[in-house]
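Secondary and tertiary structure notes
As a plain string of letters, each chain reads:
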Amino acid sequence: MAFLTIHAALAQGTTLLGKASVSAPRLTAEVLLAHAMGRDRSWFYAHPEEELREVHWIHYGRYLHDRMQGKPAQYITGHQEFYGRDFRVSPAVLIPRPETELVVEAAVEKLRQLGPCARALDIGTGSGAIAATLALETQAVVAATDISIPALAIAAANIQRLDAAVSLVACDLAAPFSSASFDVVVSNPPYIPLAERETLAKEVREFEPHLALFAGPDGMALYRRLLPEARAILRPGGWLILELAWNGGDAVAAMLTNWSGVEIRPDLAGLPRILLARR
C-alpha cells in the first residue's frame, strides 16, 4: 500500500488546517508531522519524497483532526519552548507564552544583583517554566507553589529533566510561608475576568485550564489575595514581579500604596505587561 510522500502530506495538512482557520497552517503541519514521525522539522527538507509509514500517517491524521477541533499544537505534541529550553506541557498547565519570558528577565535581573543564595518564590508555577528557568539562569535558591496537583506533576517532570534545583510545594498561593524569607516573589496569576470567557480563542477557552485563566468578575481576585501574602514573605527591600493583563496595570498598581519602586514594563507590542514593586 502506497502512502503520501512527506511533501504531499505537508501540502495536504496545510490545506486542511488553512480551511479550518488554524493560524500558521504550514508551520503547524510541519510540527505535527515531525511529532508523528519522531523527526526534527529540518529533516523534511532533505527527504521530501520519502513516503510516510502507515503508523506515521495514522498519527499525523489524528493530530491534524485534533488541531482542527481547536486543541493547541502544544498539547498535541506535549512540548513548548520557553527561554530557549524545551518544557513538557499538558492540559493541566497553561502553555508558557513569550510575554512571560519578560517576567523571567526582570526576575533574573534582580536576582543577579542580589548575588548567590538569593531566595526566590514562584507562586502558581504551572509547568514550572518560570521557576526552572530562574534556577538555571541564576544561583538563587528557588521554590515554587501551585494548588493543582496535576500541574505540579508536570512541573516536577520538567524540573527533573532539566536538572533545575527547585523545591515544589502544593498549596494555595504562598500559604505555608509566614516569615520574611524571600528576596524575589514572581507570579503569572490568573487575570482574565469571567465575563470575557466567550471572547477568548477556542484554543484557550476550551482547552487551557480555567484555574490558571480566570480570576473573578474583574480579573483582580488573585492579585487582591496575592499582594498581601507576597508582602508578608518578602524581606525588606525584596521585589515582587507580576505578569499583568494588557489593561490591568493601573488597577494592580493602585493596590500597591505601601510599596516603593513601582514600575510597569511593556511587552514587545508596547502593552503594559510586567509589574515590579519593592517591599
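I will try to describe carefully the structure that is included in this document. (Residues numbered from 1 in each chain as written. Predicted model: local features only at pLDDT ≥ 70, side-chain atom pairs only at ≥ 80, totals over all residues. Heavy atoms only, no water.)

Things to note about the packing of aromatic side chains
All told, the structure shown has five aromatic pairs when counted by the stated rule. Ring plane angle 55 degrees and centroid distance 6.1 Å describe the contact between W57 and Y60, whose orientation is recorded as tilted. Taken together, the residues W57 and Y60, both in helix 4 (residues 54-68) and three residues apart, mark about one turn of the helix. What makes W57 partly exposed here is its relative accessible area of 27%. Ring centres of F177 and F182 lie 5.2 Å apart, and the angle between their planes is 85 degrees; on these two criteria the pair is classed as edge-to-face. On the basis of relative accessible area, F177 is assigned to the partly exposed category, the value being 21%. Accessibility expressed as a relative area gives 1% for F182, which makes it buried. Among the aromatic residues, those joined into a cluster by ring pairs are F82, Y83 and F87. Here the basic side chain of K110 rests over the ring of W239, its NZ or CZ set 3.9 Å away from the ring centre. Positioned above the aromatic ring of W259, the side-chain terminus of R231 is 5.6 Å from the ring centre. (Phe/Tyr/Trp six-rings, centres within 6.5 Å; stacked < 30°, edge-to-face > 60°. Helix = DSSP H or I, 4+ residues; strand = E, 2+ residues; numbered from the N terminus. Buried < 20%, exposed > 50% of the residue type's maximum accessible area, 1.4 Å probe, protein only. Lys NZ or Arg CZ within 6 Å of the ring centre and 35° of its normal.)

Here's the deal with the environment of A9
Here A9 lies in helix 1 (residues 6-19). The spacing of A9 and M37 is 28 residues in sequence and 12 Å in space, taken between C-alpha atoms. Setting aside residues up to four positions removed in sequence, A9 forms contacts with L4, L33, L52, W57 and Y60. (Contact = heavy atoms within 4.5 Å.)

A word on the sheet that holds strand 9 (residues 272-278)
Here we have seven strands laid out as an open sheet, ordered 5-4-3-6-7-9-8, and mixed in their pairing. On the outer flanks of this sheet lie strand 5 (166-170) and strand 8 (260-266), each paired with one strand and no other. The sheet shows a mean angle of 15 degrees between the axes of neighbouring strands, direction not considered. In terms of strand pairing, strand 3 (residues 119-123) meets strand 6 (residues 182-187) through four bridges, oriented parallel. Bridge assignment links I123 to a residue of strand 6, and that residue is S187. In the packing of helix 7 (residues 129-137) onto the sheet, contacts are made with strand 3, strand 4 (141-146), strand 5 and strand 6, and the angle to strand 4 comes to roughly 175 degrees. (Pairing = 2+ DSSP bridges. Axes fitted to C-alpha atoms, helices over the stretch in contact; angles between N-to-C directions.)

Some details on the environment of A254
You can see A254 is positioned in helix 11 (residues 249-254). Residue A254 is classed as exposed on the basis of its relative accessible area of 54%.

A short note on the packing of helix 2 (residues 25-37) against helix 4
Taken N-terminus to C-terminus, the directions of helix 2 and helix 4 make an angle of 140 degrees; their axes are 8 Å apart at the nearest point. Put simply, helix 2 runs oblique to helix 4. Taken as a pair, helix 2 and helix 4 cross one another with a handedness that is right-handed. Facing helix 2, whose interface residues are T28, A29, L32, L33, H35, A36 and M37, helix 4 presents H56, H59, Y60, Y63, L64 and R67. Of the residues that constitute the contact of helix 2 with helix 4, the class distribution is eight nonpolar, four polar and one charged. (Parallel < 35°, antiparallel > 145°, perpendicular 65-115°, else oblique. Left-handed = near helix turned anticlockwise from the far one by under 90°. Nonpolar A, V, L, I, M, F, W, Y, C, P; charged D, E, K, R; others polar.)

Function-wise, these values are silent; they only describe arrangement.
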